[in-house]
Amino acid sequence: MTYFMFVVGLVILVAGGEFLVRGASAIARAFHLSPLLIGLTIVGFGTSAPELIVSVQAALAGQPGIAIGNVIGSNISNILLILGVSALIAPLIIPGRKLWRDLGFMLGATAIVWTMLLNGQITRTDGLILIAGLVAFLTTAFISGSGHPPESGTETFGPNWKPWIMTGAGLVGLVIGARLLVDSATSIARDFGISEAVIGLTIVAVGTSLPEMATSVIAAFRKHTEISVGNIVGSNIFNLFGILGITALVAPIPAEARFAAIDMWWVTASSVGLAVVAFALGGLPRIAGAGLLVAYGAYLFFIG
């Protein structure tokens, strides 16, 4: 039954990603919004639902390490693992001029959270500051991302409600599929005698990022590179501003010293590296994807 649930979870995850990409693309065309904007907002925030649920539950349960570690680990895997795999599938070519504002918000959010972690706690006041940062990002994103003419020669779905149903169904499928996949994979790993530490660093850490993985990989296959990259950048911004902000408003989050001393270095290096490569190479070619995966392997080795 565990193996069956693993397969079912994988199928639902892939189907959810396909529905989300197709629905979100249609919404972008219908409202004359850029695909990058849809990736940054609807797709990026929607695929971060598992991280939000995990962090809020952890804060309420008195597990601050999980609440913060979930966000930090997801941001690292989003860039190094997911964009690495996506770029190997199809080069993610996006001009730097389209990404500078969003990458700037991601780097700014990283710096703000790092400063808060140095204080040893993310307070409710900090939470309000983070939510304000999220509102500022959304405002500038929608102002600059609207007014784009729809792409020609692309599929349509008839009545306007269909893309919204597809997008909603895709988001639900991603959350359900990720949960089934993580639970069954964790059970299988235990059966093979894999330690709890390894399970936590691999299956559980990447588990909440599976919706981003499915969405970005499918978007790369379908040549929707702006959705693929926007999904990751938007998810990382929402993780830092939105998830930590909402979680801190629910309950102040004590922060272990290791987050500021060790893990945030990896988050910052990954974010800066993505920005440098995107501007220097005009996107993420396959060689850059391979480099990101090597860096992720080094990260796992280092924390292991």
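Here the structure is a predicted model, which is why all the values come from computation and not from measurement.

Chemist: Outline the overall build of the protein chain, supporting the account with residue identities and numerical values.
Modeler: Within the protein chain, the secondary structure is distributed over 12 helices and 4 strands. The buried share of the protein chain, reckoned over its 304 residues, is 50%. At a minimum sequence separation of 6, the contacts of the protein chain that also span at least 24 residues come to 87%. Of the roughly 12,800 Å² of accessible surface on the protein chain, a fraction of 73% belongs to carbon and sulfur atoms.

Chemist: How would you sum up a nonpolar patch on the surface? Please name residues and give values.
Modeler: A surface patch of nonpolar side chains, amounting to about 400 Å² of accessible area, comprises Phe6, Val7, Leu10, Val11 and Val14. With respect to the secondary-structure elements, Leu10 resides in helix α1 (residues 2–30).

Chemist: Go over the environment of Ile42, please, and point to the residues and values.
Modeler: By the secondary structure assignment, Ile42 is in helix α2 (residues 35–46). Ile42 gets classed as partly exposed once you look at its relative accessible area, which sits at 24%. The sequence separation of Ile42 and Leu20 amounts to 22 residues, and the corresponding C-alpha distance is 9.3 Å. Once residues lying within four places of it in the same chain are set aside, the contact partners of Ile42 are Ile27 and Thr167.

Chemist: Which residues make up the pattern of salt bridges, and what are the values?
Modeler: If charged atoms from side chains of opposite charge come close, those side chains can pair. Tallying each qualifying case throughout the model produces 2 salt bridges. Between Asp102 and Arg101 there is a salt bridge whose closest N-O contact spans 2.5 Å. Taking relative accessible area as the criterion, Asp102 reaches 0% and is therefore assigned buried. For Arg258, the salt bridge is made with Asp263, and the minimal N-O distance between the two is 2.8 Å. Of the residues examined, Asp263 reaches a relative accessible area of 5% and is grouped as buried.

Chemist: Now, about the packing of aromatic side chains: what can you tell me, with residues and values included?
Modeler: All chains considered together, the criterion is met by 5 aromatic pairs. With centroids separated by 5.1 Å and ring planes inclined at 65°, the aromatic side chains of Trp266 and Tyr299 adopt a geometry described as edge-to-face. Of this pair, Trp266 sits in helix α11 (residues 257–281) while Tyr299 sits in helix α12 (residues 286–303), placing them 33 residues apart in sequence. Assessed through its relative accessible area of 9%, Tyr299 is described here as buried.

Chemist: Which residues make up the confidence of the model for the protein chain, and what values do they have?
Modeler: Do not read the fine detail of predicted coordinates wherever pLDDT is low. Per-chain confidence: the protein chain averages 80 in pLDDT, with 87% of residues scoring 70 or above. Across the protein chain, the secondary-structure element scoring lowest on mean pLDDT is helix α8 (residues 196–207), at 56, and the one scoring highest is strand β2 (residues 121–122), at 92. Low pLDDT, under 50, characterises residues 152–158; the predicted model gives this stretch 11 contacts beyond four residues in sequence or across chains.

Chemist: Can you lay out the packing of helix α4 (residues 64–89) against helix α10 (residues 225–250) for me, pointing to particular residues and giving the numbers?
Modeler: Each pair of packed helices gets described by two things: the angle between the helix axes and the distance between those axes. Here α4 crosses α10 at 180°, and the two axes come no closer than 10 Å. It follows that α4 is roughly antiparallel to α10 by the angle criterion. The residues of α10 that touch α4, namely those facing Ala67, Ile68, Val71, Ser74, Asn75, Asn78, Ile79, Ile82, Leu83 and Ser86, are Ser228, Val229, Ile232, Ser235, Asn236, Asn239, Leu240, Ile243, Leu244 and Thr247.

Chemist: Please give an account of α4 that cites residues and values.
Modeler: The terminal C-alpha atoms of α4 lie 36 Å apart, and with 26 residues this matches the ideal 38 Å at 1.5 Å per residue to within 8%. Among the 26 residues that make up α4, 19 are buried, leaving the element largely enclosed by the rest of the structure.

Chemist: Explain α10 to me, using residue names and the numbers behind them.
Modeler: For α10, which comprises 26 residues, the first-to-last C-alpha distance of 36 Å matches the rise-based estimate of 38 Å (1.5 Å per residue) to within 8%. The largest bend along α10 reaches roughly 40° and is located at Asn239. Of all 26 residues making up α10, 23 are buried, and the element is well covered by its neighbours.

Chemist: So what about the side chain of Ser270? Which residues, and what values?
Modeler: Looking at the secondary structure, you find Ser270 in helix α11. When its relative accessible area of 5% is taken as the criterion, Ser270 is described as buried. The residues contacting Ser270, other than those within four sequence positions of it, are Ile76, Ile79 and Leu80.

Reading guide: rules and limits
- Every chain begins its residue count from 1, and numbering advances along the sequence as written.
- Whole-chain, interface and lining totals are the exception, using all residues; otherwise, since this is a predicted model, local features are given only for residues with pLDDT of at least 70 and side-chain atom pairs are given and counted only at 80 or more.
- Water and hydrogen atoms were dropped before computing side-chain values, which therefore reflect all heavy atoms in the structure.
- Comment: elements are numbered from the N terminus, with helices defined as DSSP H or I runs of at least four residues and strands as E runs of at least two.
- For every residue, the accessible area obtained with a 1.4 Å probe (protein chains only) is divided by the maximum for its type, and the residue is called buried under 20%, exposed over 50%, and partly exposed between those limits.
- Here, residues are in contact when the closest pair of their heavy atoms is within 4.5 Å.
- Computed by Shrake-Rupley with a 1.4 Å probe, the accessible areas treat only the displayed protein chains as cover when residues are assessed.
- Here the term patch refers to residues with relative accessible area over 30% and no salt bridge, with like charges joined within 9 Å and nonpolar side chains (Val, Leu, Ile, Met, Phe, Trp, Tyr) within 5 Å.
- The working definition used for a salt bridge is a side-chain nitrogen of Lys or Arg within 4 Å of a carboxyl oxygen of Asp or Glu.
- Centre distance within 6.5 Å is the pairing criterion for rings of Phe, Tyr and Trp, where only the six-membered ring of Trp is used; planes under 30 degrees apart are then read as stacked, over 60 as edge-to-face, and the remainder as tilted.
- pLDDT is a residue-level measure of predictor confidence that goes from 0 to 100.
- All axes here are fitted lines through C-alpha atoms, helices being fitted over the stretch that makes contact, and every angle between N-to-C directions spans 0 to 180 degrees.
- Any angle that is under 35 degrees is reported as roughly parallel, and any over 145 degrees as roughly antiparallel; angles of 65 to 115 degrees are reported as roughly perpendicular and all others as oblique.
- What a helix is expected to span follows from its residue count: subtract one and scale by 1.5 Å.
- Fitting axes to the seven residues ending at a residue and to the seven starting there, one defines the bend at that residue as the angle between these axes.

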